[in-house]
Each structure stands twice: as C-alpha cells, then as structure tokens.
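Remarks on the overall topology
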Amino acid sequence: AQSVTQLGSHVSVSEGALVLLRCNYSSSVPPYLFWYVQYPNQGLQLLLKYTTGATLVKGINGFEAEFKKSETSFHLTKPSAHMSDAAEYFCAVSLPQGGSEKLVFGKGTKLTVNP
Amino acid sequence: NAGVMQNPRHLVRRRGQEARLRCSPMKGHSHVYWYRQLPEEGLKFMVYLQKENIIDESGMPKERFSAEFPKEGPSILRIQQVVRGDSAAYFCASSLQGSSGNTIYFGEGSWLTVV
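Cut-offs applied
- Once a new chain begins, its residue numbering starts again from 1 and follows that chain's sequence as written.
- Numbering of ligands from 1 and lettering of chains from A proceed in the order in which they are written.
- With the structure being a predicted model, the display of local features is reserved for residues of pLDDT at least 70 and the display and counting of side-chain atom pairs for 80 or more, all residues being used for whole-chain, interface and lining totals.
- The side-chain values count all of the structure's non-hydrogen atoms but skip hydrogen atoms and water molecules.
- Helix and strand definitions follow DSSP, with helices as H or I runs of at least four residues and strands as E runs of at least two, each counted in order from the N terminus.
- By the convention used here, residues are in contact when the closest approach between their heavy atoms is within 4.5 Å.
- To form a nonpolar core, buried Ala, Val, Leu, Ile, Met, Phe, Trp, Tyr and Cys residues must be joined to one another through side-chain atoms within 4.5 Å.
- Think of it in three bands: residues with accessible area under 20% of the maximum for their type are buried, residues over 50% are exposed, and the middle band is partly exposed, with areas taken using a 1.4 Å probe on protein chains only.
- Should a side-chain nitrogen of Lys or Arg be within 4 Å of a carboxyl oxygen of Asp or Glu, the pair is scored as a salt bridge.
- The aromatic pairing rule takes the rings of Phe, Tyr and Trp, using the six-membered ring of Trp, and pairs them if the centres are within 6.5 Å, calling planes under 30 degrees apart stacked, those over 60 edge-to-face and the rest tilted.
- Any two cysteine sulfur atoms lying within 2.5 Å of each other are counted as a disulfide.

1. Topic: the environment of Arg-13 of chain B
You can see Arg-13 of chain B is positioned in strand E2 (residues 10–13). In this view, Arg-13 of chain B contacts Glu-18, Ala-19, Val-82, Leu-112, Thr-113, Val-114 and Val-115 of chain B; residues no more than four positions away in its chain are not counted.

As structure tokens, this is what we get:
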C-alpha cells in the first residue's frame, strides 16, 4: 500500500526566502505524485503533478517539484516566498492506471510567511 | 464553467440525526470521489463512484455511511445517526476519467459539526 510522509507539519519562512516542503512516499511501483494547496476553509487546488517524463515539474504560482526515484521523494520548492503563499500544502500519490483510483495524502505542512 | 459544487458548506447536526451532503461534479465529469479531513489530518479517501455505480468504497466506515451518484442529480454522502467523531470537513472531487494521473478537481468542502 502506498503512503506519504511530509516532514514538518509547520514551516516558517521570511518573505523572499526559499520555500522547501518535503515529501517522501512509499509505493511498490513508481506512483503518480501531486502537490495540492489549501487556503483556510477552502478546497484543495492542484499546484503540480508528476506522471511520466521530465522529473522536474513546474506548477502554478512559481512552485516546482522534482521526482527523485532513488530517494523516493517529491519535494516542493519556490525560490522566493510571497505572503500569499501562506497556506497548507498536501503531497499525494496515486498508482498508475490499473491500480487504485484513490489519492493517498500526507498529513500536510502549514506554511507561514513572515514579513 | 462551474467547478465542483458542494452544499451545504456548513452543517450542524445533533447527535443521532442524519447528515446529507451533496456534490455536483464539474460539467462533463462522471467520476466522483469523497474524502474526509479530520482536524490536523490530511484527507482520507472514502469512496469513488461513477454514475449509478460504487467503484471503490474501501475508505467508508462500515456502518452509518453511504454514498450514491444517481443517473440524474448530484452525488450524495449520507451519514446516519451522527456522532461527535463525524465532525469533519467532507470534500468531494471529480474527474473526467479515473483519477490515476488525471487531474481531479476538489470542491470547497462541507463542514459538518455534530453537537
């Protein structure tokens, strides 16, 4: 069964600083990987996803993530944090076609951006 | 093009009452998913439905919970005889095809409070 571990339930950065949110997964086969963002009292919005091809994936709002199979990781980064990036971020996996249709989520990382 | 619509957004029920949460998927989407988010937790998969069929209900509690997605009308998540532990945010999501690798779109959630 797949699982997702997000290291650090809370991350705090200064405005303009690098954002790094960590995600490691466990899966018997290379999974599909996703990052979602959730603003308070709202639903989840897809930031980016990796299915096949280039391992460095660019998403919305300047975020990107790199799939590293050897490290079973899919860390999310942004070079320069903005106040509007303050939110909760969820990493998720699903199995490729033929496997489960469901997404398995990590517990989330709450990002605080300090002025 | 309207997104995934959920209602009610907030629902308060007394212990023992029934809660009905509705979800209208994005236009043209025939795959619907329900997830539950408990405080300080990530989203947990509950059920995956296509029109008139339950495909995967492995995340549904064995008792009191049921879901349907009829040929006409929204998907319904029904919780009978609610208990305090049912208090959570319930998110519906939809996709054009099965979610493996395909983008699934989330609604803004229904917050259930059991008093």
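Okay, back to it.
2. Some remarks on the nonpolar core
Trp-35, Leu-48, Leu-76 and Tyr-89 of chain A are the most contacted members of the largest nonpolar core, which has 27 residues in total. Among the elements of the structure, strand E2 (10–14), strand E3 (19–21), strand E5 (32–38), strand E6 (44–50), strand E8 (64–68), strand E9 (73–78), strand E10 (87–94) and strand E12 (109–114) of chain A are those that each provide at least two residues to this core. Broken down by element, the residue count for this core peaks at four residues, all from E10 of chain A. Those residues within four positions of Leu-48 of chain A in sequence are excluded, and the remaining contacts are Leu-33, Phe-34, Trp-35, Val-57, Lys-58, Gly-59, Phe-63, Glu-64, Ala-65, Phe-74 and Leu-76 of chain A. Residues Cys-23, Phe-65, Val-82 and Ala-88 of chain B belong to the second largest nonpolar core, which totals 23 residues.

3. Let's talk about the pattern of salt bridges
Across all of its chains, the model carries six salt bridges over all chains by this definition. The residue Lys-78 of chain A makes a salt bridge to Asp-85 of chain A at a minimum N-O spacing of 2.9 Å. Looking at Asp-85 of chain A, the relative accessible area reads 3%, which means it is buried. Salt bridges sharing partners connect three or more residues here, namely Glu-18, Arg-20 and Arg-78 of chain B.

4. Let's talk about the packing of aromatic side chains
Within a pair of aromatic rings, the relevant descriptors are the distance that separates the centres and the angle that separates the planes. All told, the structure shown has 13 aromatic pairs over all chains when counted by the stated rule. Between Phe-105 of chain A and Tyr-35 of chain B, the ring centres sit 5.6 Å apart and the planes meet at 90°, which makes this aromatic pair edge-to-face. Linking Phe-105 of chain A in strand E11 (residues 104–105) with Tyr-35 of chain B in strand E4 (residues 31–37), this pair reaches from one chain into another. A single burial state applies to Phe-105 of chain A and to Tyr-35 of chain B, both of which are buried. Taking the relative accessible area as the measure of exposure, Tyr-35 of chain B reaches 0% and is therefore buried. Among the aromatic residues, ring-to-ring pairing joins Phe-34, Tyr-36, Phe-90 and Phe-105 of chain A together with Tyr-35, Phe-45 and Phe-106 of chain B into one connected group.

5. Looking at the state of the cysteines
Here the structure, examined in full by the defined rule, presents two disulfides over all chains. Paired through a disulfide, Cys-23 of chain A and Cys-91 of chain A show a sulfur-sulfur distance of 2.0 Å. When the S-S torsion is -65°, as for the bridge of Cys-23 of chain A with Cys-91 of chain A, the disulfide is left-handed. One end of the pair, Cys-23 of chain A, is in the loop between E3 and strand E4 (24–26); the other, Cys-91 of chain A, is in strand E10, and 68 residues separate them in sequence. Given the relative accessible area of 0%, Cys-91 of chain A is considered buried. There is a disulfide in this structure between Cys-23 of chain B and Cys-92 of chain B, and the S-S distance comes to 1.8 Å. Linking Cys-23 of chain B and Cys-92 of chain B, the disulfide has an S-S dihedral of approximately -60° and is accordingly described as left-handed. With a gap of 69 residues between them, Cys-23 of chain B in strand E3 (residues 19–24) and Cys-92 of chain B in strand E9 (residues 88–95) connect regions that are remote in the sequence. The exposure classification of Cys-23 of chain B matches that of Cys-92 of chain B, with both residues buried.

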